[in-house]
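Chain by chain, the residues:
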Amino acid sequence: MNDPNWWQQAIFYQIYPRSFQDSNGDGVGDLDGIRRRLDYLCWLGIDAIWISPIFPSPMADFGYDISDYCNIHPLFGDLSAFDALLAEAHQRGLKLILDFVPNHTSSEHPWFRESRSSRDSPKRDWYIWRDSAPGAGPPNNWVSNFGGSAWEWDEEAGQYYYHAFLKEQPDLNWRNPKVRAAMYDVLRFWLKRGVDGFRVDVIWHLMKDEQFRDNPANPGYQPGDPAIRRLLQLYSTDQPEVHQLIAEMRAVVDEFPSRVLIGEIYLPIERLVTYYGDDLRGTHLPFNFQLIEAAWQARNLARIISEYEAALPRGGWPNWVLGNHDKPRIASRVGREQARVAAMLLLTLRGTPTMYYGDEIGLEDVPIAPDEAQDPWEKNEPGLGVGRDPQRTPMQWDASPGAGFSTAKPWLPLSSDFGLRNVAVLAEDPQSILSLYRRLIALRARPLFRLGSYSPMDAEGDLLIYGREHEGERAIIALNLGSNPIHVHLPMEAPNHIALSTHLDRDEKVSGTFLLRANEGVVLL
Ligand code: TEU
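Rules used throughout
Each chain has its residues counted from 1, running along the sequence as written. A pLDDT threshold of at least 70 governs which residues receive local features in this predicted model, and a stricter bar of 80 or more applies before side-chain atom pairs are shown or counted, although totals over entire chains, interfaces and linings include all residues. Based on all heavy atoms of the structure, the side-chain values leave hydrogens and waters out of the count. Helix and strand definitions here come from DSSP, where helices need a minimum of 4 consecutive H or I residues and strands a minimum of 2 consecutive E residues; each element is numbered from the N-terminal end. Here the term buried applies to any residue with accessible area under 20% of the maximum for its type, exposed to any over 50%, and partly exposed to those in between, with areas from a 1.4 Å probe on protein chains only. The contact criterion used throughout is that any non-hydrogen atoms of two residues lie within 4.5 Å. Every accessible area reported is derived by Shrake-Rupley at a probe size of 1.4 Å, with residue values counting cover from the shown protein chains alone. Counting rule applied: Lys, Arg positive; Asp, Glu negative; His and chain ends not counted. By convention, charge coordinates are those of NZ in Lys, CZ in Arg, CG in Asp, or CD in Glu. Aromatic rings from Phe, Tyr and Trp, taking only the six-membered ring of Trp, are treated as a pair when their centres fall within 6.5 Å; an angle between ring planes under 30 degrees marks them as stacked, one over 60 as edge-to-face, and anything in between as tilted. To sit over a ring, a charge needs its Lys NZ or Arg CZ within 6 Å of the ring centre and within 35 degrees of the ring normal. Pairing between two strands is assigned when DSSP locates at least 2 bridges connecting them. Put simply, a residue is near a molecule or strand once any heavy atom of it comes within 4 Å of that molecule or strand. Residues adjacent in sequence count toward polar contacts only when both atoms are side-chain atoms; beyond that, a polar contact is any pair of N or O atoms within 3.5 Å, and within protein one must be able to donate a hydrogen and the other to accept it. For this scheme, ten residues count as nonpolar: Ala, Val, Leu, Ile, Met, Phe, Trp, Tyr, Cys and Pro. Four count as charged, namely Asp, Glu, Lys and Arg, and the remainder, Gly too, count as polar. For a helix, the expected span equals 1.5 Å multiplied by the residue count minus one. To be clear, the arc concerns the directions from the helix axis to the C-beta atoms. The working definition used for a salt bridge is a side-chain nitrogen of Lys or Arg within 4 Å of a carboxyl oxygen of Asp or Glu.

## Some thoughts on the overall build of the chain
Then, number 1: Along the backbone of the chain there are 16 helices and 19 strands.
Then, number 2: Summarising its shape, the C-alpha atoms of the chain cover approximately 75 × 50 × 50 Å along the three principal directions.
Then, number 3: Considering the chain as a whole, with its 525 residues, one finds that 61% of them fall into the buried category.
Then, number 4: Residue pairs in contact within the chain that sit at least 24 positions apart in sequence constitute 68% of those at least 6 positions apart.
Then, number 5: When the accessible area of the chain is evaluated, it comes to approximately 19900 Å², of which 50% is carbon and sulfur surface.
Then, number 6: Both charge centroids of the chain, one from 52 positive and one from 71 negative side chains, sit 3 Å from each other.

As structure tokens, this is what we get:
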């Protein structure tokens, strides 16, 4: 991992810090907790950790509302706890990246307090202030991602401010060079401390239309969809000017050797790939969320992979994600059996995989009673199924009362099957999903999987087959996405040794035709 392009070969693992490991008995995870679990992460075999926000925050959006970019929230520890975590991660050869949230601050951030204090405040244009529309009402029709108008009236100075998310998350004005300079210094602060890079929150949101034109209606909107779907985000996101800004951000990161910039971007593939930037001077990895959103169907997956491979700019490195703290868990989305197939897909595709904590134990969405909801989006738009608490529940380490996560009542409930679905139990079971993840991660250590080319082979019914090749070495991956057995015909001279089955009960040579059982995936070498 000393290679400057280490991020191409790495497996990333996302930690939602509130839910990984509590070390001080308050029911919320923290940095010392993560540090205690570094040996687990090494045992699992991942290479790099991304930690969701750990900075001071009123927690209106659980840390994505930051009131101080250069410190640690006391819930999670302090700067010395962070330094200790970073040092121990590095000692073990693990990289560590942070979550950078540049689009908006907390409304409690001193910058916003100052900005809102008066129209003449020197920080007024650090945020996006506008007069009401002629007549009255908000300056335009933009909708908040969490429901309602994206404009909040501020009585004090008689203007509206813009917030793409909660009203407690005012958007910064990235057209202001002072904002840019201040935020680049935030990056330097952490880079100097030794972090290996950043995942950048909603990077495609940073620039808005200079004229603040109304967004057009979304013809695909259906009743029951969240409010944000009413409009196409034509003028509020993905503006051409954003790329110049990302190039600046990248240049800051490049002041330090071997760091990585990953962008959170929900856009169609042809728009997504523009975030590699001209001459690849943008993000190293624009997160590719196609698998998070895909219908779980062989031909569809084959199409997604091929279109993505074809759309990549020359030299652009691919990446894949199955889940994150905003989306239903993979095991709930595709089911327990297919979760194993999904793991094989994620870890055998060409490009950097990012895992979401808990997916390796097959953790499912945990139902949250309406009156127990914590996620502000769920509270703003109840009953639509937008709540993100179910996928943020504590990691399950063992069968003890707090699942080894905490000695106190966890901030979100454990899944009811934690007595069986936990690391201690599954690590002992050679056929568990956890054992499968370890085997896949170990297999991925081969240059064949880390670096090899991808070639589509077949996608019919429930069968998805593709090949990987590197310096004369070949693998075939055959996945059964359904619950009926499938006869697979291998091409002449194809690799014919089943080196790994998702059922973890096969190590055999096959010839010509072999049977793929229900919900089984295999790697042939
Ligand atoms: O998420 C941004 C974001 O746009 C998604 O939640 C989005 O609404 C949806 O998934 C797109 O289909 C980031 C963080 O990951 C999220 O946790 C924060 O709430 C949000 O930004 C605001 O910072």
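## Quick notes on the packing of aromatic side chains
Then, number 1: One pass over the structure, following the stated rule, counts 33 aromatic pairs.
Then, number 2: Aromatic side chains Tyr69 and Trp111 sit 6.1 Å apart centroid to centroid with 25° between the ring planes, which places their arrangement in the stacked category. With a gap of 42 residues between them, Tyr69 in the loop between strand S2 (48–51) and helix H4 (79–91) and Trp111 in helix H5 (residues 110–117) connect regions that are remote in the sequence. Accessibility classification places Tyr69 together with Trp111 in one group, the buried group.
Then, number 3: Judged by centre distance (5.2 Å) and plane angle (80°), the ring pair of Phe82 and Trp190 falls under edge-to-face. Here the residue Phe82 occupies a position in helix H4, and Trp190 occupies one in helix H6 (residues 177–193), the gap between them amounting to 108 residues. Note on accessibility: Phe82 and Trp190 belong to one class, buried.
Then, number 4: Cluster of aromatic residues (ring-pair linked, three or more members): Tyr13, Phe20, Tyr40, Trp43, Tyr356, Tyr357 and Trp397.
Then, number 5: The lysine or arginine in question, Lys123, covers the ring of Trp126, its NZ or CZ lying 4.8 Å from the ring centre.
Then, number 6: The residue whose ring lies beneath Arg350 is Trp317, and the NZ or CZ to ring-centre distance is 5.6 Å.

## Focus on the sheet that holds strand S11 (residues 352–356)
Then, number 1: Reading across the sheet, the eight strands line up as S9-S8-S7-S3-S2-S1-S11-S10 and stay open at both edges, with parallel pairing between neighbours. Each edge of the sheet is formed by a strand with only one pairing partner; in this case those strands are strand S9 (285–286) and strand S10 (319–321).
Then, number 2: Taken together, the four bridges between S2 and strand S3 (residues 95–100) define a ladder with parallel strand orientation. By the bridge assignment for S3, Ala48 is matched with Lys95.

## Some points on the site of the ligand
Then, number 1: Around the ligand sit 18 residues, and of these Asp61, His104, Asp201, Asp326 and Arg388 come closest.
Then, number 2: Between the ligand and the protein, one listed contact pairs an oxygen atom with a side-chain N or O atom of His325 at 2.9 Å.
Then, number 3: Between an oxygen atom of the ligand and a side-chain N or O atom of Lys327, the distance comes to 3.0 Å.
Then, number 4: Protein chains shield 91% of the accessible area of the ligand, which is 500 Å² for the free molecule.
Then, number 5: Here the residues of the shell around the ligand sort into six nonpolar, four polar and eight charged.

## A look at helix H7 (residues 242–253)
Then, number 1: For H7, built from 12 residues, the straight-helix expectation of 16 Å at 1.5 Å per residue is met to within 8% by its first-to-last C-alpha distance of 17 Å.
Then, number 2: Taken as a whole, H7 has its buried residues at Val242, Leu245, Ile246, Met249, Arg250, Val252 and Val253. End-on, the buried residues of H7 take up no more than an arc of 155°, which puts them together on one face.

## Some remarks on the pairing of strand S1 (residues 12–15)
Sheet faces and side chains relate simply in a regular strand, where the side chains alternate between the two faces.
Then, number 1: The side-chain alternation of S1 yields two buried faces, one formed by Phe12 and Gln14 and the other by Tyr13 and Ile15.
Then, number 2: In the sheet, S1 pairs with S11 via three bridges, with the strands oriented parallel. Bridge pairing in S11 places Phe12 opposite Thr354.
Then, number 3: Both S1 and S2 contribute to a ladder of four bridges, which runs parallel. Following the sheet pairing, Ile15 is matched in S2 by Ile51.

## Thoughts on the environment of Arg259
Then, number 1: Mapped onto the elements, Arg259 comes out in the loop between H7 and strand S8 (260–263).
Then, number 2: Residue class for Arg259 comes out buried when judged on its relative accessible area of 14%.
Then, number 3: Once the C-alpha coordinates of Arg259 and Gly197 are considered, the two residues, 62 residues apart in sequence, prove to be 4.9 Å apart.
Then, number 4: If sequence neighbours within four positions are ignored, Arg259 has contacts with Leu191, Gly194, Val195, Asp196, Gly197, Val253 and His284.
Then, number 5: Polar side-chain contacts of Arg259 include one of 3.0 Å to the backbone oxygen of Leu191.
Then, number 6: One polar contact links the side chain of Arg259 to the main-chain carbonyl oxygen of Val195, over a distance of 2.9 Å.

## Side note on the pattern of salt bridges
Then, number 1: Under the criterion given, the structure shown has 40 salt bridges.
Then, number 2: Between Glu114 and Lys123 there is a salt bridge, with its nearest N and O atoms 3.5 Å apart.
Then, number 3: Classification of Lys123 as buried rests on a relative accessible area of 17%.
Then, number 4: A salt bridge links Glu520 to Arg506, with the shortest nitrogen-to-oxygen separation between them at 3.0 Å. Of the two residues, Glu520 sits in the loop between strand S18 (513–516) and strand S19 (521–524) while Arg506 sits in the loop between strand S16 (497–501) and strand S17 (508–509), which places them 14 residues apart along the sequence. Both residues of the pair, Glu520 and Arg506, belong to the buried class.

## Some remarks on the side chain of Asn288
Then, number 1: Among the secondary structure elements, Asn288 is positioned in the loop between S9 and helix H9 (290–293).
Then, number 2: Within the structure, the side chain of Asn288 is placed 3.1 Å from the backbone nitrogen of Gln290, a separation counted as a polar contact.
Then, number 3: Leaving out residues up to four positions away in the same chain, Asn288 has contacts with Leu272, Tyr308, Asn319, Trp320 and Val321.

## With respect to H4
Because the α-helix completes a turn every 3.6 residues, residues three or four places apart line up on one side.
Then, number 1: Its 13 residues give H4 an end-to-end C-alpha distance of 18 Å, which sits within 8% of 18 Å, the value for a rise of 1.5 Å per residue.
Then, number 2: Of the residues making up H4, those classed as buried are Ala81, Phe82, Leu85, Leu86 and Ala89. The buried side chains of H4 occupy one side of the element, clustering within an arc of 135° when seen end-on.
Then, number 3: Considering only its buried residues, H4 is in contact with helix H2 (31–36), helix H3 (38–44), S2, S3 and H6.
Then, number 4: Remark: Gly93 follows H4 within two positions and exhibits a positive phi of approximately 80°.

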